[in-house]
Amino acid sequence: MKPLSYVQVRTAREAIEAFVAAGESARYIAGGTNLYDLMKLGIEKPAHLIDIADLDGANRIDTDGDRLFFGGAALMADVAEHPVVRDDYPVLAESLSKAASQQLRNMATVGGNLLQRTRCPYFRNGADGTYPCNKREPGSGCAAIGGIDRSQAVLGASAACNAVSPGDWPVALMAMDAAVELQGLDGTRVIPISELYRPPSRTPHLEFTIGREEIVTGISVPKTAAGRNSTYLKVRDRESYAFALVSAAVALEMDGDRVRQAHVALGGVATVPWRGRPAEAVLRGETLDRGRALEAARAAFAEARAGRHNAFKIELGARTLADAIINAGSRNQ
Amino acid sequence: MTPNRNADRPRIDAHEKVLGRALYAADQPFPGLLHAMTVPATIAKGRILSIDTAAALQVPGVVRVFTHDDFSQIRTTPAARGAYGQPGKGHQPMTAPQVRHRGEPVALVVAETLEAAVEGAEAVTVRYAEESFSARMDDDLAGPEPEAAGQLASGDAEAAFANAAHIVDVEYRHPQQHHNPIELISTTAAFEDGTLRIYEGTQSAAAFAGGLAGMMGMEPQALRGVSPYTGGGFGQKNGVQEQSVLVASAALLLRRPVKLVMPRGQLFHTASYRPQSRHRVRLAADGNGRLLAGIYETVQQNSRYDGFGSDHGANPPRMYGYGAWRGSERIVRVDTQTPGHQRAPHEHPASHATECALDELAGALGMDPVALRLANDTQRDPITGKPFSSRHLADCLRRGAARFGWERWTNQPGALVAGNGDRIGLGVACGSYKAAMTPSVTTLRLSAGGQCRIATSGHEMGQGLRTVIAAELIDVLGVDPGKLDIRIGDTGHAPQHLTAGSWGAGSAAPAARAAALKLREELSQLTGAVLSDEPVHVQLARTRRPYLEVSVDTVPLGKDRQAIEQLRRGMPVTTGPEYPDFLAFSWIAHFAEVHVEPSTGRVRVRRVVSVADCGRVMNRRTAESQVRGGVVWGIGAALREAGECDPRFGGVLNNDLADYVVPVNADVGAIEVDFIDEPDTRLNLSGVKGLGEVAMVGAAAAIVNAVHNATGRRIRHLPIRIEDLL
Ligand SMILES: Cc1cc2nc3c(=O)[nH]c(=O)nc-3n(C[C@H](O)[C@H](O)[C@H](O)COP(=O)(O)OP(=O)(O)OC[C@H]3O[C@@H](n4cnc5c(N)ncnc54)[C@H](O)[C@@H]3O)c2cc1C
Ligand code: SF4
C-alpha cells in the first residue's frame, strides 16, 4: 500500500514545520471533503497529511470588532448559522447554506472552501489518462475546449483552460471585499481575496497565489451597512446539492433609494471568483428598477465569450444578476 | 380468512434494513476474502498491444493480476443471455485483446485488501492500438439496421392520416439514462460446501448462475446464485454483469473467496443503461377529437454486438381507440456497452413521445387533453380486437382530475400566475404497462410451533416482495408475521425466475396464495374437519405432526407445464400482455403542476397526482411508495437526467451522482397517490396486475405538458433544462 502519514497539529507553526519537513508530497487537510474526493479520483496523491482542522483557535468566529473574522477552520455550517452573519450579511450566509449539503457543511471549513478545485468533468473524471487536461497534466491539452462545455466558464477563460472556479463562498467574499490572512514560513500576511486566485492563462495548474506551505488562518470582512442589503442568488441543475450554473452575489450601499455603491460578484461563469465592476459602474447613483438592473447585469457580461454549449450562461447569468440586484434592493429599509 | 387484503403494513424487512442488519451481497463475511479491482479501458475501441503488470505485482498485498491471457477460455454461450432471452452477451471483456467500448475491464487485480487492489489497478499500464469508432447514433460510422419484423399495424394509417382534418407530425428525442441504484453492482464468489456460490444483488439468481456456469464450462448445478437483497435494480441487475464471470473465474483459479464492488464511476461504462432514442409521432383526428390514425416510428441506439431490441411500439396503440395504426422500429449500432432494460424500458420513452404528441393534438383541436383522452377510451385492443382483462383508465383520469383540481386548466399558456409571479402550468398524461406473470415452484412448510417457511421464486429489490408474500400468507393462514421465513432469490431453495417487468407481485402473490390454500386443504384433510378460527399451527399441533409441508407449481395463464421445466433450467418464461382471451395491462393517469420562474425559466414540480389501476393493491404502503418512486423517476427524466457523450472520446462523461443529475428532495413536490383497487381475477388468483413499472409511465410526459401549459413552449427532448426555457 502507498504509505500515507497523518499528523494532527495544534499550532500553525507546527503545521508549517511538519509540512516543510515532509516535502513535495505534503498536503494540509481540514474537512477533507475536497481533498479525499480528489485522492479517490487519482488527482491528488499526497503521502503526508497534516491535519489543521483542530489548530488552536482556528475555528473562531468573531463579529465584535470592525471586521467580521472567521478562522480558517471554522465550519461552513457554523458560519452560515451565526446570528450576525445570518441577519446582517445574508450574502455570506446564503452563499454557504446554498452550497453542498448539511452533512458536508458540518465537515467542511471556510478556509478549505477557498482552495477547493474545479468541477470540470474532464479534470475530475479522466485521471486514468482518458482525458487530456492542462490543469491535471500541464501541457497535455484541454479536453473541455471543443468538448461538452456546458458547465464551463464564459469569463476569464484562456486557450489552455476554461474551467469554472466552483466555490460559492469565495464569490460572496469577493463582493464583500474580504481579506485572507495567511501564515507562512516568514510570518503572517494579509491579501485581498481578489489576489488569491490566478486566472488560468497558460498555466492553469497554478490556481492560487499563496505559497504551498502557507496556511489560511482566517478570513475577514469589513463591516458595512451594505451587508443587510445583500443576497446570494444561485441557479443550478437541481434545487439543492449542486454547484452553480450561474450565481450572483450583490450587496448595495444605499442613499435613500439611490445606489451609492454596489458590490457585485459572479460565480459559476468564470475561471476565478469574478468581480462585476462594470455592473457596479452602471448602478452607481441610480435608483433601482428591473430595466436598470438588467442593463447593469448585461454590462457585467459584456466581455463574456461563449463556447459550444454554454452560451446560455451569458443570458441566464445576466438575468440572475438582475434578479439578485432587485432582491438586494428590496432588503433596503 | 380475513378480507383485510390491502392492509397498510410496514415492510417485513424494514427493521432489519434500518438497523443495517440486512446483509446485501457485498456484506457477506468470508474468512480469507480477497478483494478485486478492475482496470478500465481508456479507449473507445481498439486492440490491446501489451499490458504491463510488473508494477502492480510489486504492490504489497497484490496476489494476482489477471488479463485476457488468463480468461480466453471463458465462453459466451446462450445461457449467458441477458434478460428476456434476448440474444446476447456477444462480447465478454478480458477474453481477447480487444476493446469494444470505453471503460470495459482490461485487467483484474486481486489483493489481500481493497486498498492494495485499487493501488495495483492504478499501477497497471496498458498500450492500445486505437480504432475509429462512433459513440452516438447520429455519427457517420454508426450502423443503422433495417426495420425489424412484426411491427404492430391495423387499418390503413397512412390514408387516414392523409385525409384527416387535424394532424400533428412531431419528433421527440430521449437521452441516454443510467439507472444508478444506490447499491453498487458487486460480485462475491466463494466456495461453500464444495460448490461455488456467487453472491450478487441480481434480479435473476438462476439465469445468472446458469449463465455463469455456461460461460465457465461448468454444469449449471455446480454453481449457486444467491441474491440476498437487491439495493435497487431497476433492470440494471437483470443479467450477467461484465465483471461477474471474471470474479467467479478468479475465485476458481485462486481457490479463495473474491469480492469486487464496482465503483460508481466505472458502472457508467460497464453496466447497462437506457439507450438514446428518437420518436416520430403522427396523429390524426376528426373534428370531434376521435383518433383516426397513429403512425409511430422510432430509432434506438444499441451496441455493436448484442441484440437489445426496441419495443417502443408495444403500448401506444393500446392506449386509445385508434381507427388505424402503423408502428415502425429500428436500431442503430454504436460502439458502447450494450444498453438494457431500465424501469419502464420502452414504455417510458414511448409515453413521453406519444402522450406529449397527444397534448399537441389537443392543442390543435382546441380540446381539453383530459376530454380528448376520455373521448378515445376503449375496452378493446385496436390491434388484435381482443378485450382488456380490466381497464379503468377512464376512472383514473376522472378521479385524478377531481383530486388535482383540473378545472383550473385553461388552454391559454401562462394564464395561471402564482403569487410570486411564477407561471403555473398543468399537465396530464397516461401510461400503461403489460400485466405479466412467471411460473414458480413453491414450498411452504408450517410447523406446529407456528413457524412458517416459504421458498419460492422472486428477488427482493426494495419493492417489498417479501411483504407481498407475507400478506398472502397472513391473509390465508393468519400466521404470525414474526414467525415467517421467506426464502427468495436463492437457487439453493427454489428455482428462480428473473424478477423484472412488474411481474414480481403478480407471480409471487398467486404462488404464495396457492400454496397457502393447498396447505389449508391438506390440514383440513389431516384433521378430518373444516378448519376452525383457531391459529392453523394449533390445529396442526393437535394432529401430533411436527410440521406440514406442501409444494405447488404455479403455471401462469396461457402456459402449460413446460413452463416449470423452463423455469428449472433458468430460462425466462413470461406472459403478457396478450393472453388467449384478452390483453392485460396496468394503467395510470398522472397530473402535474409546475411553476416556472419567469426570469430564469427554472421549473419546479409543485404537485403530482397519480391514480393507478394495478388490479388488487397488496399493501397500500409499499404500493404508494412504488408510485412515488416512479413519479420521482419521471421528474428526473423530465428535468434532470442525461448521460453526456463526448463523441471524440466515446462513453459518457458522467462519473458520479453529482454530474449524473438525479432529483433531490428539494426537486420533488407533493405526490398524491390513489388506486382504483379492483382485483383482476381473470388474470390470477390474487387479482394482481403489477405496479412498479407503470408508476413511471407517463409521469415525465405530464410534466412536459405542464411546462408547455406554463410557458407555451414545446420542448421535444429530455431533459428540459434551464437553457431550453430562457
Ligand atoms: C458533493 C459535494 C458537493 C459540493 N457542493 C458545493 C457547492 O455547491 N458549493 C461550494 O462552494 N462547494 C461545494 N462543495 C465543496 C465543499 O464546499 C468543499 O469541499 C469544502 O469547502 C472544502 O473544505 P474542507 O475543509 O473540507 O477542505 P479540504 O478538503 O480539507 O481541503 C481542500 C484543499 O484546501 C487545502 N486547505 C484546507 N484548509 C486549508 C487551510 N486552512 N490553509 C491552507 N490550505 C488549506 C487542502 O490542502 C486542500 O488542498 C461540495 C463538495 C462535495 C463533496
Ligand atoms: S478546462 Fe481546464 S480543468 Fe477542464 S480539461 Fe481543460 S484544462 Fe483541464
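Residues numbered from 1 in each chain as written. Chains lettered and ligands numbered in written order. Predicted model: local features only at pLDDT ≥ 70, side-chain atom pairs only at ≥ 80, totals over all residues. Heavy atoms only, no water.

**Observations concerning the pairing of strand 12 (residues 223–226) of chain B**
Where a strand is regular, its side chains alternate between the two sheet faces.
Residue and element names in this part refer to chain B.
Then step 1. Burial along strand 12 is two-sided: Leu-223 and Gly-225 and Arg-224 and Val-226, pointing in opposite directions, are all buried.
Then step 2. Pairing geometry for strand 11 (residues 195–199) and strand 12, over 4 bridges, is parallel. Bridge assignment links Tyr-199 to a residue of strand 12, and that residue is Val-226.
Then step 3. The handedness of the strand 11 to strand 12 crossover, carried by helix 6 (residues 205–215), is right-handed. (Buried < 20%, exposed > 50% of the residue type's maximum accessible area, 1.4 Å probe, protein only. Helix = DSSP H or I, 4+ residues; strand = E, 2+ residues; numbered from the N terminus. Pairing = 2+ DSSP bridges. Right-handed = clockwise from strand over helix to strand, strands pointing away.)

**Some remarks on the site of ligand 2**
Then step 1. As a matter of local geometry, ligand 2 sits amid 14 residues, with A:Cys120, A:Cys133, A:Cys142, A:Cys161 and A:Asn162 nearest to it.
Then step 2. Its residues assigned to classes, the shell around ligand 2 shows 10 nonpolar, 3 polar and 1 charged. (Near = heavy atom within 4 Å. Nonpolar A, V, L, I, M, F, W, Y, C, P; charged D, E, K, R; others polar.)

**A short note on the sheet that holds strand 4 (residues 98–99) of chain B**
All names here are of chain B.
Then step 1. Judged by pairing direction, the sheet is antiparallel, and its 3 strands sit side by side in the order 4-2-6 without closing on themselves. The sheet is open, and its two borders are formed by strand 4 and strand 6 (125–130), each paired with just one other strand.
Then step 2. Bridge analysis of strand 2 (residues 46–52) against strand 6 gives 6 bridges, and the strand direction is antiparallel. Counted as the bridge partner of Gly-46 is Glu-130 from strand 6.

**Re the side chain of B:Ser507**
All names here are of chain B.
Then step 1. Relative to the helices and strands, Ser-507 resides in helix 14 (residues 504–527).
Then step 2. According to the relative accessible area criterion, Ser-507 is buried, its value standing at 7%.
Then step 3. Only 2.8 Å separates the side chain of Ser-507 from the backbone nitrogen of Thr-438, close enough to count as a polar contact.
Then step 4. Beyond its immediate sequence surroundings of up to four residues, Ser-507 is in contact with Ala-436, Met-437, Thr-438 and Ser-440. (Polar contact = N/O pair within 3.5 Å; in protein donor to acceptor, adjacent residues only side chain to side chain. Contact = heavy atoms within 4.5 Å.)

**Considering the sheet that holds strand 7 (residues 187–192) of chain A**
All names here are of chain A.
Then step 1. Across the sheet, 5 strands lie side by side as 4-5-8-6-7; this open sheet has antiparallel pairing. Lying at the two open borders of the sheet, with one neighbouring strand each, are strand 4 (61–62) and strand 7.
Then step 2. On top of the sheet, helix 1 (residues 12–22) reaches strand 6 (179–184) and strand 8 (215–222); it is set at about 60° to strand 6, its chief contact. (Axes fitted to C-alpha atoms, helices over the stretch in contact; angles between N-to-C directions.)

**Thoughts on the site of ligand 1**
All names here are of chain A.
Then step 1. Taken together, the neighbourhood of ligand 1 is formed by 28 residues, with Tyr-28, Gly-32, Thr-33, Thr-109 and Asp-168 sitting nearest.
Then step 2. Here an oxygen atom of ligand 1 and a backbone polar atom of Ala-30 are 2.8 Å apart.
Then step 3. Asn-113 places a side-chain nitrogen or oxygen 3.2 Å from an oxygen atom of ligand 1.
Then step 4. Contact with the protein chains hides 93% of the accessible area of ligand 1, taken as 970 Å² for the molecule alone.
Then step 5. Of all elements in the fold, only strand 2 (26–29), helix 7 (110–114) and strand 8 reach the threshold of two or more residues within the shell around ligand 1.
Then step 6. For the shell around ligand 1, the class distribution of residues is 16 nonpolar, 9 polar and 3 charged.
Then step 7. When residues of the shell around ligand 1 are assigned to domains, at least three map to each of domain 1 (5–54) and domain 2 (229–330). (Areas by Shrake-Rupley, 256 points an atom, 1.4 Å probe, with all protein chains shown as cover. Domains from an automatic or database assignment.)

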